[in-house]
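# Working through the structure, step by step
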Amino acid sequence: MSLVPEMATLVEKRYLDPHHSLFRFIFDNELKREGFGFRPGQFVMLSIFGVGEAPISITSGPDEKGFIELCVRKAGRVTTVLHNLEENSKVGIRGPYGNGYPVEQMLGGNLLIIAGGLGIAPLRSLIRYALWRRDAFKEIYIIYGARSPENILFRGEMENLVLRNDINCLLTVDSTYGQPWNAHVGRVTDLLERVRMPLKDTSVAVCGPPVFYRFVLNKLLSLGYSKGKIYMSLERRMECGMGKCGHCVVGHKYTCVDGPIFTYWDAINLPEIF
Amino acid sequence: MTYSHLPVKGKMIFLTIEKSRLKEFLEAVSDECRLIVPEKKGKSTYIFREYTDFSKVALEFVRTIIPPKRFFFPPSETLFSYTKTEGLSVSSESESFTVIFGVHPCDLHGINILDKAFSYGGRDSFYWRKREKVGFIGLSCLPDKYCLCKSMHTDFIEDVYDIFLYTLDDVYMVSVRTAFGDDLIRLKSDLFKSPTKREVVEYKKRIMERDSMFTRIMDITNLADLLTLEYKSEVWEEYSRRCLFCGSCIMVCPTCQCFDVYDTTDLTKGISYRIRRWDACMRKDYALVAGGHNFREDRAARFRFRYLHKEIGFAEMQGRATCTGCGRCSETCPAGIDMVEVVRRIRE
Ligand SMILES: Cc1cc2nc3c(=O)[nH]c(=O)nc-3n(C[C@H](O)[C@H](O)[C@H](O)COP(=O)(O)OP(=O)(O)OC[C@H]3O[C@@H](n4cnc5c(N)ncnc54)[C@H](O)[C@@H]3O)c2cc1C
Ligand code: SF4
Ligand code: SF4
Ligand code: FES
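The following refers to the structure shown. Note that the coordinates shown come from a computational prediction; the quantities given were computed from them, not determined experimentally.

### Let's talk about the overall build of chain B
- In terms of regular secondary structure, chain B is built from 12 helices and 12 strands.
- Relative to the globule expectation of 20 Å for 348 residues, the C-alpha radius of gyration of chain B, 22 Å, shows essentially globular dimensions.
- Taken along its principal axes, the extent of the C-alpha atoms in chain B is 65 × 65 × 40 Å.
- Each of the 348 residues in chain B was classed as buried or not, and the buried ones make up 53%.
- Counted over contacts in chain B with a minimum sequence separation of 6, partners at least 24 positions apart contribute 74%.
- Counting only carbon and sulfur atoms, one obtains 53% of the accessible surface of chain B, whose full area is about 16,000 Å².
- If the 54 positive side-chain charges of chain B are averaged to one point and the 50 negative ones to another, these points end up 2 Å apart.

What follows is the structure, encoded as structure tokens:
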């Protein structure tokens, strides 16, 4: 395992909202391009040479071969330079890192996916995984909330999911801010009341900002979901992504190796989690 | 010279070498590979450095300022460089072997702990490419008032080293652990003999004597429980007010592994470098992320984190506490903060 990245080329950049864009990369090395496998929920370390590295979840699906996609918010040095890159620019990518969602354990059951804001990034990969093998799951609910309609990332894709009749996709915004919107206005927790599937056999994957977690987790517990079947993705500072640099440690776990996906049960038993 | 790090479990060869002939042995080793030895630096401080002259080699010292880890985990190292035209170029590593002489049991345990840390979740190639070319000649020692190895169960070592020397009256009792150690012995095999009955008796006597010399004891039974129960103890607050957060205790620790990764650019040449350098978990922005959220900003939380980590944090992965009891942190701390005292206060 090495801290040296593979060279990759930015082949496509798609504007999502003023702070987020979708970036598609292909590895320059052909073997790597074809052989790069990952699980939904895993992340890569993205390098911009001369600037630095940042951990970013893979947002494309594991069955889409030949490229990977990252959905990135302009947050600081690396991510801002990335947003300014032209297509065909060179970057470095190493990984995949982290445990990812335990998809084998989720197969055969119901799936409830709850995303807030940029939390859709790792979950989009899980959604793609599940839809690729739709029959391997029972019921699927996807609930996605954002601040305003223009902040719904992947809006076209999400609206297509709403139209599908083999899954239930529910969208909500905190407020319409005067923009056109014909779905729900209000909290994600309101939409959780609408989920109609047996709790038993349901895996829940949640990802979003800290306040979002607090509300959603409380709601899930009050609705009776098992702490052992709620999967959350933790965010911590990361410098190596491979369990060496120490920065991502929470209590006695490395977020980058033992996580970033933790069950709620494992997470609350880590000291210094909240 | 062949090289194998695998200790031959259960098999250990004991030899002896006269003290007066150690010089010949070390010179032979130094002819064969790079030799690092402990030397006196200040009035009572020691450092590991390149062998020059046998008369400078410290044979009776307690601890060096910085542990030997810097020879395979340097304070700062360039991982690779990048230019637009030539792409990535990984810094190359020299082929020469290094032997570090005079490493005490606690530091050998420290190396064992780092080896595990740099293997967890996958081997760190930059660590291992250096580490695989380092061998150790251990040396027995006598404790001073800071040594805690007995409490931390690191006062003996039966692993990690290639050769270990126990100081007796006229000879060193030599334990040979690896094939590489055997290669070194064979550079000057005429210097080594089988131990006599009298030497074995002396060895046993010395071990007993050393065992009775430890004045500092830290009780670590049920410490994991205590640290968990006292997670919110005001003791952390109190010490965090005294602590200067200078990070010295971390820089001298044989098992601290934290690092930062960052880029620098030489604009005139158009080359950028990726560097890793030691970092300290006590630093204020250690857990800071983009957007300004800091997962461990509070002073007491940062102070506590180091203790939790040394005593219980990595126990699951390491199978033991990651403090070796080398005493460096207590000796170095400018605020006079002593681990034994902190743990005693938590236990009270
Ligand atoms: C497992 C994981 C998955 C992530 N997935 C995504 C994603 O899909 N899309 C997205 O936009 N963002 C994601 N993030 C957050 C993203 O890593 C940060 O926004 C990014 O590191 C900011 O880097 P910067 O250089 O732009 O910011 P700066 O503030 O300039 O960063 C300075 C340094 O801090 C480190 N750092 C800063 N913030 C974070 C952070 N939140 N996590 C880890 N290290 C940090 C960087 O590595 C860098 O070395 C993820 C974070 C983690 C831990
Ligand atoms: S050496 Fe002492 S003062 Fe400095 S950070 Fe460590 S405990 Fe605090
Ligand atoms: S915590 Fe202190 S005594 Fe323990 S190994 Fe580190 S420097 Fe040595
Ligand atoms: S990111 Fe370095 S240990 Fe997890």
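### Structural notes on the pairing of strand β4 (residues 52-57) of chain A
Residues and elements named next belong to chain A.
- With six bridges connecting them, strand β3 (residues 43-48) and β4 associate as antiparallel partners. By the bridge assignment for β4, Val-44 is matched with Ile-56.
- Hairpin remark: β3 followed by β4, antiparallel, with three residues in the connecting loop; positive phi at Gly-50, about 90 degrees.

### As for the site of ligand 1
- Ligand 1 sits among 23 residues. The nearest are A:Pro55, A:Arg73, A:Thr79, A:Glu235 and B:Ala290.
- Surrounding ligand 1 are residues belonging to chains A and B, so the site spans chains.
- Between A:Glu53 and ligand 1, the recorded distance is 3.1 Å, taken from a backbone N or O atom to an oxygen atom.
- One of the backbone N or O atoms of A:Pro55 is found 2.6 Å from an oxygen atom in ligand 1.
- For ligand 1, whose unbound accessible area comes to 820 Å², protein coverage reaches 87%.

### Side note on empty space enclosed by the protein
Residue and element names in this part refer to chain B.
- Applying the stated criterion across every chain yields a total of seven cavities of 30 Å³ or more.
- Estimates place the volume of the largest cavity at around 170 Å³.
- With four residues, the single largest contributor to the lining of the largest cavity is helix α9 (residues 299-313).

### Some points on the interface of chain A and chain B
- Listed as interface residues are 35 residues of chain A and, on the opposing side, 42 residues of chain B.
- A combined buried area of about 3,200 Å² lies between chain A and chain B, and 55% of that area is made up of carbon and sulfur atoms.
- Counting the surface chain A buries against chain B, the share from its top three residues, A:Leu3, A:Lys244 and A:His247, is 21%.
- Summed over the shared surface of chain A and chain B, the result is one salt bridge.
- Of the charged contacts, one joins B:Arg274 and A:Glu53 as a salt bridge, the two residues approaching to 3.4 Å between their closest N and O atoms.
- Applying the counting criterion to the chain A and chain B interface returns 19 residue pairs in polar contact (both at pLDDT 80 or more).
- Within the residue set of the side of chain A that touches chain B, elements represented by two or more residues are β3, β4 and β14 (253-254) of chain A.

### Re the sheet that holds β4(A)
All names here are of chain A.
- The strand order β4-β3-β6-β1-β2-β5 describes an open sheet built from six strands, whose pairing is antiparallel. Looking at the sheet topology across the chains shown, the edges are occupied by β4 and β5 (68-73). Neighbouring strand axes in the sheet, compared pairwise and without regard to direction, differ in orientation by 40 degrees on average.
- Both β3 and strand β6 (residues 90-97) contribute to a ladder of four bridges, which runs antiparallel. The residue of β6 that forms the bridge with Leu-46 is Ile-93.

### Focus on the layout of surface pockets
Residue and element names in this part refer to chain A.
- Estimated volume of the second largest pocket: approximately 490 Å³.
- Gly-145, Ala-146, Arg-147, Asp-174 and Pro-209 are the residues nearest the centre of the second largest pocket, which is lined by 23 residues in total.
- Looking at the lining of the second largest pocket, the elements with two or more residues in it are β8 (140-146), β9 (168-173), α6 (188-192) and α7 (210-223).
- In terms of residue class, the lining of the second largest pocket is built from 10 nonpolar, eight polar and five charged.

### As for the packing of helix α4 (residues 120-132) of chain A against helix α5 (residues 155-163) of chain A
All names here are of chain A.
- Between α4 and α5, whose axes approach to 13 Å, the crossing angle comes to 40 degrees. The angle between the axes of α4 and α5 places the two elements in the oblique class. Note on packing geometry: the crossing formed by α4 with α5 is left-handed. Across from Ile-120, Arg-124, Ile-127, Arg-128 and Leu-131 in α4, the residues of α5 making contact are Glu-157, Met-158 and Leu-161.
- Class assignment for the residues of the contact of α4 with α5 results in five nonpolar, no polar and three charged.

### Examining the packing of aromatic side chains
- Evaluation of the coordinates by the stated rule reveals 25 aromatic pairs over all chains.
- Between A:Tyr129 and A:Phe137, the ring centres sit 6.4 Å apart and the planes meet at 80 degrees, which makes this aromatic pair edge-to-face. A:Phe137 carries the same exposure label as A:Tyr129, and that label is buried.
- On the basis of an interplanar angle of 45 degrees and a centroid distance of 6.0 Å, the ring pair of B:Phe73 and B:Trp278 is categorised as tilted. Of this pair, B:Phe73 sits in the loop between β3 (46-50) and β4 (76-83) while B:Trp278 sits in strand β12 (residues 271-278), and the two are 205 residues apart along the sequence.
- According to the relative accessible area criterion, B:Phe73 is buried, its value standing at 1%.
- Through successive ring pairs, a cluster of aromatic residues spans B:Phe72, B:Phe73, B:Phe118, B:Tyr127, B:Trp128, B:Phe136, B:Phe259 and B:Trp278.
- One cation-aromatic arrangement involves B:Arg306 over B:Tyr307; the distance from NZ or CZ to the ring centre is 5.5 Å.

### Re the nonpolar core
- If you look at the biggest cluster of nonpolar residues, it comprises 81 residues, and the most contacted ones within it are B:Leu108, B:Phe136, B:Trp236 and B:Phe303.
- Filtering out sequence-adjacent residues up to four positions away, B:Phe136 remains in contact with B:Phe72, B:Ile100, B:Val103, B:Leu108, B:Ile111, B:Arg131, B:Val160, B:Tyr161, B:Asp162 and B:Ile163.
- In this structure, A:Leu111, A:Phe154, A:Met158 and A:Leu192 belong to the second largest nonpolar core, which totals 62 residues.

### Quick word on unusual backbone geometry
- The step from A:Gly95 to A:Pro96 runs through a cis peptide bond, and the omega angle for that step is 0 degrees.
- Topologically, A:Pro96 is positioned in strand β6.
- A:Pro260 follows A:Gly259 through a cis peptide bond whose omega is 10 degrees.
- Mapping A:Pro260 onto the fold places it in the loop between β14 and β15 (261-263).
- The backbone phi angle of B:His153 is positive, close to 60 degrees, even though this residue is not glycine.
- For B:His153, the position within the fold is in the loop between β7 (134-139) and β8 (163-167).

### Brief notes about the pattern of salt bridges
All names here are of chain A.
- Within the structure shown, the criterion is met by 44 salt bridges over all chains.
- One salt bridge in this structure joins Arg-128 and Glu-64, with 2.8 Å as the shortest N-O distance. With Arg-128 in helix α4 and Glu-64 in the loop between β4 and β5, this residue pair connects regions lying 64 residues apart in the sequence.
- Judged by relative accessible area, Arg-128 falls into the partly exposed class, the value being 25%.

### Notes on the sheet that holds β7(B)
Residue and element names in this part refer to chain B.
- Overall, mixed pairing links the eight strands, which are arranged β3-β2-β6-β7-β8-β9-β1-β10 in an open sheet. In the strand order of this sheet, the two ends are held by β3 and β10 (192-193), each with one partner.
- Sheet topology note: the β8/strand β9 (residues 171-176) ladder contains five bridges and is antiparallel. Considered in β9, the bridge of Phe-164 is made with Ser-175.

Thresholds applied
- Residues numbered from 1 in each chain as written.
- Chains lettered and ligands numbered in written order.
- Predicted model: local features only at pLDDT ≥ 70, side-chain atom pairs only at ≥ 80, totals over all residues.
- Heavy atoms only, no water.
- Helix = DSSP H or I, 4+ residues; strand = E, 2+ residues; numbered from the N terminus.
- Rg over C-alpha atoms; globule rule 2.2 N^0.38 Å.
- Buried < 20%, exposed > 50% of the residue type's maximum accessible area, 1.4 Å probe, protein only.
- Contact = heavy atoms within 4.5 Å.
- Areas by Shrake-Rupley, 256 points an atom, 1.4 Å probe, with all protein chains shown as cover.
- Lys, Arg positive; Asp, Glu negative; His and termini not counted.
- Charge placed at Lys NZ, Arg CZ, Asp CG, Glu CD.
- Pairing = 2+ DSSP bridges.
- Near = heavy atom within 4 Å.
- Polar contact = N/O pair within 3.5 Å; in protein donor to acceptor, adjacent residues only side chain to side chain.
- 1 Å grid on protein atoms, 1.4 Å probe; cavity = no way out; pocket = protein on both sides within 12 Å on 5 of 7 lines; lining within 4 Å.
- Points joined across faces, edges and corners; volume = space filled by probe spheres on them.
- Buried area = accessible area lost by both parts, 1.4 Å probe.
- Salt bridge = Lys/Arg side-chain N within 4 Å of Asp/Glu carboxyl O.
- Axes fitted to C-alpha atoms, helices over the stretch in contact; angles between N-to-C directions.
- Nonpolar A, V, L, I, M, F, W, Y, C, P; charged D, E, K, R; others polar.
- Parallel < 35°, antiparallel > 145°, perpendicular 65-115°, else oblique.
- Left-handed = near helix turned anticlockwise from the far one by under 90°.
- Phe/Tyr/Trp six-rings, centres within 6.5 Å; stacked < 30°, edge-to-face > 60°.
- Lys NZ or Arg CZ within 6 Å of the ring centre and 35° of its normal.
- Core = buried A, V, L, I, M, F, W, Y, C linked by side-chain atoms within 4.5 Å.

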